[in-house]
Amino acid sequence: MNQISPLAFVHPEAKLGDNNIIGPFCYIDRDTVIGDNNIMQNSVTVSVGARIGNGNEFFPGTSISTKPQDLKFNGEITTCQIGDNNSIRENVTISRGTASKGTTIVGSNNLLMENMHVAHDCLLGNGLIIGNSTKLAGEVTIDDNAIISAAVLCHQFGHIGGYVMVQGGSRFSQDIPPYIIVGKFPVKYCGLNLIGLRRRGFSNELIEHIHSAYRLLYSKGIIAEGIDEIKKNLQITPEIQYIIDFVETSKRGIIR
């Protein structure tokens, strides 16, 4: 049974699962689907096109599936998909998609800290931690288990690899390959995310193997030549293949 405050508004066309808690001054619009066991504290807005899973907690001021901040948006029918077991803190805003991709996706088991923004058509994976006031422009992709610190600005169409640590206050317009720490200004490679990898169960041998890949990748003036060195000199484990694929498919180029 859902617990809905008499001070909340739930549109009659909204579809709610079971055991949700909807606090005072929440607004849930039409064409929304909400699963089970979600908590919406107070003053949470869920707009048209929201598709929310199970076990999420939304803190005051959160706004989900807002109209995209994109002048090309012409009112097309799009969605914003939220997975399971996310903690979405105060004043987070997540826009729905545009005709470009049709949806914005936030995976599961993520912590999105207060006042951050996820723009239209972003694709966020699982197990992410994204800090206060970080802003993701349109069509940004973040792979699983990345940590983005506070007040980070990410250019549209950017791609951030898995297991990355981005230092607070960073601004960047190129892609960040997996397993590394980036920071300083301009943003640059600062070594492997050793603590993060060890916490995720990576062995010392595997970490050294990844480290060797980055030594080779950045050993040449041309990144493509660094990839060739990796292919020639290293065993291609799934982790090394991930690095190769990430770099070879990068549209914006990777940070140096």
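Residues numbered from 1 in each chain as written. Predicted model: local features only at pLDDT ≥ 70, side-chain atom pairs only at ≥ 80, totals over all residues. Heavy atoms only, no water.

Trainee: What am I meant to see in the layout of surface pockets here?
Mentor: Taken as a whole, the largest pocket holds about 240 Å³ of empty space. Around the largest pocket, the lining residues are Lys101, Glu139, Thr141, Phe157, Gly158, His159, Asp175, Phe246, Thr249, Ser250 and Lys251. Taken together, the residues that form the lining of the largest pocket break down as two nonpolar, five polar and four charged. (1 Å grid on protein atoms, 1.4 Å probe; cavity = no way out; pocket = protein on both sides within 12 Å on 5 of 7 lines; lining within 4 Å. Points joined across faces, edges and corners; volume = space filled by probe spheres on them. Nonpolar A, V, L, I, M, F, W, Y, C, P; charged D, E, K, R; others polar.)

Trainee: Even after reading the chapter, I still don't get the sheet that holds strand E26 (residues 171-172), so can you show me in this structure?
Mentor: Two modes of strand pairing occur in sheets, parallel and antiparallel, and in both the strands are linked by backbone hydrogen bonds. On the basis of which strands lie adjacent, the open sheet formed by nine strands has the order E2-E5-E8-E11-E14-E17-E20-E23-E26 and parallel pairing. Unpaired on one side and paired on the other, strand E2 (9-10) and E26 mark the two borders of the sheet. (Pairing = 2+ DSSP bridges. Helix = DSSP H or I, 4+ residues; strand = E, 2+ residues; numbered from the N terminus.)

Trainee: I'm lost on helix H2 (residues 204-217) in this one. Help?
Mentor: Because an α-helix packs 3.6 residues into every turn, residues spaced three or four apart end up facing the same way. With 14 residues, H2 should cover 20 Å at 1.5 Å per step; its first-to-last C-alpha distance of 20 Å lies within 8% of that length. Packing partners of the buried residues in H2 comprise strand E27 (180-183), strand E28 (188-192), helix H1 (194-199), helix H3 (223-233) and helix H4 (238-249). (Expected span 1.5 Å × (residues − 1). Contact = heavy atoms within 4.5 Å.)

Trainee: Sorry, what's going on with the pattern of salt bridges here?
Mentor: Two side chains bearing opposite charge may form a pair once their charged atoms approach each other closely. Within the structure shown, the criterion is met by five salt bridges. Salt-bridge contacts for Arg51 lead to Asp31; the nearest nitrogen and oxygen are separated by 2.8 Å. With Arg51 in strand E9 (residues 50-52) and Asp31 in the loop between strand E5 (27-28) and strand E6 (33-34), this residue pair connects regions lying 20 residues apart in the sequence. Under the relative-accessibility criterion, Arg51 is labelled partly exposed at 26%. Asp70 is paired through a salt bridge with Lys72; the nearest N and O atoms lie 3.2 Å apart. Assessed through its relative accessible area of 64%, Lys72 is described here as exposed. (Salt bridge = Lys/Arg side-chain N within 4 Å of Asp/Glu carboxyl O. Buried < 20%, exposed > 50% of the residue type's maximum accessible area, 1.4 Å probe, protein only.)

Trainee: I keep staring at the sheet that holds strand E24 (residues 159-160) and nothing clicks. Help me out?
Mentor: Strand order in this open sheet of eight strands is E3-E6-E9-E12-E15-E18-E21-E24, and the pairing throughout is parallel. A strand with exactly one partner marks an edge of an open sheet, and here the two such strands are strand E3 (15-16) and E24. When strand E15 (residues 103-106) meets strand E18 (residues 123-124), the two strands line up parallel, connected through two bridges. Bridging across to E18, Val106 finds its partner in Leu124.

Trainee: How should I be thinking about H3 in this particular structure?
Mentor: Taken together, the buried positions of H3 are Ile223, Gly226, Ile227 and Ile230. On an axial view of H3, the arc spanned by its buried residues comes to 100°, and they lie on one face. (Arc of directions from axis to C-beta.)

Trainee: Honestly, the packing of aromatic side chains in this entry has me stumped. Any pointers?
Mentor: One pass over the structure, following the stated rule, counts eight aromatic pairs. Here Tyr163 and Tyr179 contribute two aromatic rings whose centre-to-centre distance is 5.7 Å and whose plane-to-plane angle is 25°, an arrangement assigned as stacked. Of this pair, Tyr163 sits in the loop between E24 and strand E25 (165-166) while Tyr179 sits in the loop between E26 and E27; the two residues are 16 residues apart in sequence, bridging distant segments of the chain. With centroids separated by 5.6 Å and ring planes inclined at 20°, the aromatic side chains of Tyr189 and Tyr214 adopt a geometry described as stacked. Taken together, the residues Tyr189 in strand E28 and Tyr214 in helix H2 connect sequence positions 25 residues apart. Look at Tyr189 and you get partly exposed, because its relative accessible area is 22%. Three or more aromatic residues joined by ring pairs make a cluster, and in this case those are Tyr163, Tyr179, Phe202 and Tyr242. The residue whose ring lies beneath Arg89 is Phe59, and the NZ or CZ to ring-centre distance is 3.8 Å. (Phe/Tyr/Trp six-rings, centres within 6.5 Å; stacked < 30°, edge-to-face > 60°. Lys NZ or Arg CZ within 6 Å of the ring centre and 35° of its normal.)

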